[in-house]
Amino acid sequence: MAEAAAPAFPTRSLIAGAEAGAGGARFRGVNPAAGAELEPAFTAATAADLERAAAAAAAAFDDTRRRSGKQKAAFLRAIAEELEIAAPALLPRAHLETALPMPRLEGELVRTANQMRLFAALVEEGSWVDARLDRAQLRPSGPRKPDLRSMLRPLGPVAVFGASNFPLAFSVAGGDTASALAAGNPVLVKAHPAHPGASAIAGAAIAAAARRCGYPAGAFALLFDAGIEVGAALVQHPAVCAVGFTGSLFAGRKLMDLAAARPEPIPVYAEMGSSNPVFVLPRALAARGAEIASGLHASVTLGAGQFCTKPGLLLVPAGAAADPLLDQLAALMAASPAFTLLTPAIAQAYARGGEARGARLRVRHRSARPEAAAGAAALLLETDAATLLQDPALGDELFGPATIVIRHTGAGELLRYARSLSGHLTATVHGTEDDFREYSELLSVLETRAGRLVINGFPTGVEVTSAMVHSGPYPAASSPASSVGTRAILRFVRPVCYQDVPDFALPEELQNANPLAIWRLLDGQLSRDAIY
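Keep in mind the model is a prediction, meaning the values are calculated, not measured. (Residues numbered from 1 in each chain as written. Predicted model: local features only at pLDDT ≥ 70, side-chain atom pairs only at ≥ 80, totals over all residues. Heavy atoms only, no water.)

Q: Help me understand the overall build of the protein, please; the structure alone is not making it clear to me.
A: When helices and strands are tallied, the protein shows 14 helices and 23 strands. Here the C-alpha atoms of the protein give a radius of gyration of 25 Å, agreeing with the 24 Å that 2.2 N^0.38 yields for 532 residues. Reported as C-alpha extents along the three principal axes, the dimensions of the protein are approximately 75 × 75 × 40 Å. Across the 532 residues that make up the protein, the buried fraction comes to 57%. Taking the average place of the 48 positive charges on the side chains of the protein and the average place of its 49 negative ones, the gap between the two points comes to 3 Å. (Helix = DSSP H or I, 4+ residues; strand = E, 2+ residues; numbered from the N terminus. Rg over C-alpha atoms; globule rule 2.2 N^0.38 Å. Buried < 20%, exposed > 50% of the residue type's maximum accessible area, 1.4 Å probe, protein only. Lys, Arg positive; Asp, Glu negative; His and termini not counted. Charge placed at Lys NZ, Arg CZ, Asp CG, Glu CD.)

Okay, here's the thing in structure tokens:
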């Protein structure tokens, strides 16, 4: 296959601010609609490339950890601007590599830039560091109470894995990168092989922003690889202090195990997907069944069902009352346009998973599979709660435009099923006030099973705000720490306490004069006052 001349983006890893590496394996992105390889070819990072990138990141940490909130904010805003400048090249390339529609990608780029600016505002204001000051005291008897001051400090170089289903917002310049940089850490990104061109353009934008802001070249690196070797080596490298990952349970578990087996174990913040159960209670079913069916169909098929918050389980009462909702849902699934998934491999896994479940459960609707290389059929399955209670694996995430209807016999069985659930990112309940009184225990149970509870809505659509939680109990995530919103920064910091340290030697956040005018916990009371 002939090479494309002079590509407008890097085709080798970005290390210390420049393209590097020529000895690694070559690979190409693939157009999932046509199944055709895309030009140009990319070069996978070698062990030597990884060593250079890690060494540069470790050296850069002494600089990045000392950066002020204003300096970090300027860097994050510069990244947002560079991404927007790159949009004319970035969006068409992401469309070619993922088959995601342009309006979806345009919205994702807005989200990506906005989350950079959200973290910029957070670190510029500065109170997020949770500064705590307990002043020294003389005791009537016994030893003097020392002066104790603490705050959150960055960990060190963070490894970030690009996600397949969000080529912008959860990838090279996504929330993991934004929150790690905001905390003051260098970032080493392992680009997802499904969209190397989009990754290269986004990586070049971050590198350009670093140059604009006078950041050390090692503060950011982008590493290419078509397989798993670079990612595995990255997690095991002694310079890496934490990992951010969005993807499958299988891959996330492998990374967790590698990180735990290191001589110095490190945290892996892995968001690994879930089935996101939706519970429709009887009165809401009677009053809003058609509306719920329409909203559920839109949520299940959004992004071809490739959202980690896709509702994959629907709990409804047994009997004829649920039939109108299910009939309408089946009709809507049948009328859905053809779906193209992100990669042929994802489409094949979805087809295998659908066939396996279809052999065990009732197939209420299955569309014909499109001819596209990564084509996928809409699938609506049905079973009862007793079956899922006996074989919970049937309710595991099926990544694609599918959902499973689960009929239950009443409040007792519904609660038994809710208690049997493993961890999920979300749990949704549709009900009226009377429903919630009758099923009062359900929300209490679901709070222990999900990171976000949704009432009379649908879980797709994760707002990037200070209150958002995008996480959940294992196996939805490896840690309850949120990967979305300003709480995400807390994954990449650790508390440090300073005992009887002279004022001039303290970080500004802890100094007596409070030069940054941030909120601090002063002797147990929130205050912005200086100490004199």
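Q: What's the story with the side chain of His470 in this structure? I'm lost.
A: For His470, the position within the fold is in the loop between β20 (450–455) and β21 (493–499). Note on His470: relative accessible area 3%, which makes it buried. When near neighbours in sequence (up to four residues on either side) are disregarded, His470 contacts Phe170, Glu271, Cys308, Thr309, Leu425, Val462, Ala481, Ser482, Ser483 and Val484. (Contact = heavy atoms within 4.5 Å.)

Q: Before we go on, may I ask you to explain the sheet that holds strand β23 (residues 525–527) in this structure?
A: In a beta sheet, neighbouring strands are held together by backbone hydrogen bonds and run either parallel or antiparallel to one another. One open sheet holds the five strands; their spatial order is β21-β6-β5-β22-β23, and the pairing between them is mixed. One side of each edge strand has no neighbouring strand; the edge strands of this open sheet are β21 and β23. Ignoring which end each strand starts from, the neighbouring axes of this sheet average 25 degrees apart. Two strands pair when backbone bridges link them, and strand β5 (residues 132–134) and strand β6 (residues 148–154) are joined in this way by three bridges, in the antiparallel orientation. Following the sheet pairing, Asp134 is matched in β6 by Leu148. (Pairing = 2+ DSSP bridges. Axes fitted to C-alpha atoms, helices over the stretch in contact; angles between N-to-C directions.)

Q: Looking at this structure, how should I read the nonpolar core?
A: General note: in soluble globular proteins, nonpolar side chains tend to be found buried as a group. The biggest cluster of nonpolar side chains holds 125 residues, and the ones touching the most others in it are Trp128, Phe279, Leu314 and Leu442. It is helix α2 (residues 69–98) that contributes the most residues to this core, twelve residues altogether. Non-local contacts of Leu314, meaning those with residues more than four positions away in its chain, are made with Val278, Val280, Leu296, Leu325, Leu326, Leu329, Thr403, Ile404, Val405 and Ile406. Residues Ile15, Val235, Leu255 and Val268 belong to the second largest nonpolar core, which totals 24 residues. (Core = buried A, V, L, I, M, F, W, Y, C linked by side-chain atoms within 4.5 Å.)

Q: Looking at this model, I keep getting lost on the packing of aromatic side chains. Mind explaining?
A: Here a ring pair, both rings aromatic, is described through the centre-centre distance and the interplanar angle of the planes. In total, this model carries eight aromatic pairs according to the counting rule given. Ring centres of Phe42 and Phe224 lie 5.2 Å apart, and the angle between their planes is 50 degrees; this geometry places the pair in the tilted category. Residue Phe42 is located in strand β4 (residues 42–43), and its partner Phe224 is located in the loop between β9 (220–223) and α6 (229–236); the two are separated by 182 residues in the primary sequence. Accessibility expressed as a relative area gives 0% for Phe42, which makes it buried. (Phe/Tyr/Trp six-rings, centres within 6.5 Å; stacked < 30°, edge-to-face > 60°.)

Q: Is there a simple way to explain the packing of helix α3 (residues 102–125) against helix α4 (residues 175–183) in this structure?
A: Running from N to C, α3 and α4 cross one another at 20 degrees; their axes reach a closest spacing of 10 Å. Taken together, α3 and α4 sit at an angle that is classed as roughly parallel. Between α3 and α4 lies a crossing of right-handed hand. Together, Gln115, Met116, Phe119 and Val123 of α3 and Gly175, Ala178, Ser179 and Ala182 of α4 make up the contact between the two elements. For the contact of α3 with α4, the class distribution of residues is five nonpolar, three polar and no charged. (Parallel < 35°, antiparallel > 145°, perpendicular 65-115°, else oblique. Left-handed = near helix turned anticlockwise from the far one by under 90°. Nonpolar A, V, L, I, M, F, W, Y, C, P; charged D, E, K, R; others polar.)

Q: How should I be thinking about α2 in this particular structure?
A: Note on helix geometry: an α-helix contains 3.6 residues per turn, so any two residues three or four positions apart are oriented the same way. The end-to-end C-alpha distance of α2 is 36 Å, clearly below the 44 Å that 30 residues give at a rise of 1.5 Å each. Just downstream of α2 lies Ala99, where phi reads positive at about 65 degrees. (Expected span 1.5 Å × (residues − 1).)

Q: Just to check I follow, could you spell out the environment of Ala56 for this structure?
A: Relative to the elements of secondary structure, Ala56 occurs in helix α1 (residues 47–64). Separated by 297 residues in sequence, Ala56 and Gly353 have C-alpha atoms that sit 43 Å apart. Aside from chain neighbours lying at most four places away, what touches Ala56 is Ala16 and Gly218.

Q: Where do I start with the pattern of salt bridges in this structure?
A: If the charged atoms of two oppositely charged side chains come close together, the side chains can form a pair. With the rule as written, the count across this model stands at 29 salt bridges. With a closest N to O distance of 2.8 Å, Asp176 and Arg491 form a salt bridge. Note that Asp176 is positioned in helix α4 and Arg491 in the loop between β20 and β21, a separation of 315 residues in sequence. Exposure remark for Asp176: the relative accessible area of 7% places this residue in the buried category. Residue class for Arg491 comes out buried when judged on its relative accessible area of 1%. The partner of Glu441 in a salt bridge is Arg419, with the nearest N and O atoms 2.3 Å apart. Of this pair, Glu441 sits in helix α14 (residues 440–447) while Arg419 sits in helix α12 (residues 411–420), and the two are 22 residues apart along the sequence. By relative accessible area, which is 40% here, Glu441 ends up partly exposed. The network of salt bridges with common partners includes Asp323, Asp327, Arg362, Arg364, Glu382 and Arg407. (Salt bridge = Lys/Arg side-chain N within 4 Å of Asp/Glu carboxyl O.)

Q: What am I meant to see in the pairing of strand β17 (residues 379–384) here?
A: Note on strand geometry: in a regular strand, side chains alternate between the two faces of the sheet. By the criterion of burial, β17 is predominantly enclosed, with five of the six residues buried. Relative to β17, strand β15 (residues 362–366) runs antiparallel, the two sharing four bridges. Counterpart to Arg362 in the pairing with β17 is Glu382. Relative to strand β18 (residues 402–408), β17 is paired through six bridges, and the arrangement is parallel. Each residue of the ladder has a partner; that of Leu381, found in β18, is Ile404. You can see the chain leave β17, run along helix α11 (residues 385–390) and come back into β18, and the turn it takes is right-handed. (Right-handed = clockwise from strand over helix to strand, strands pointing away.)

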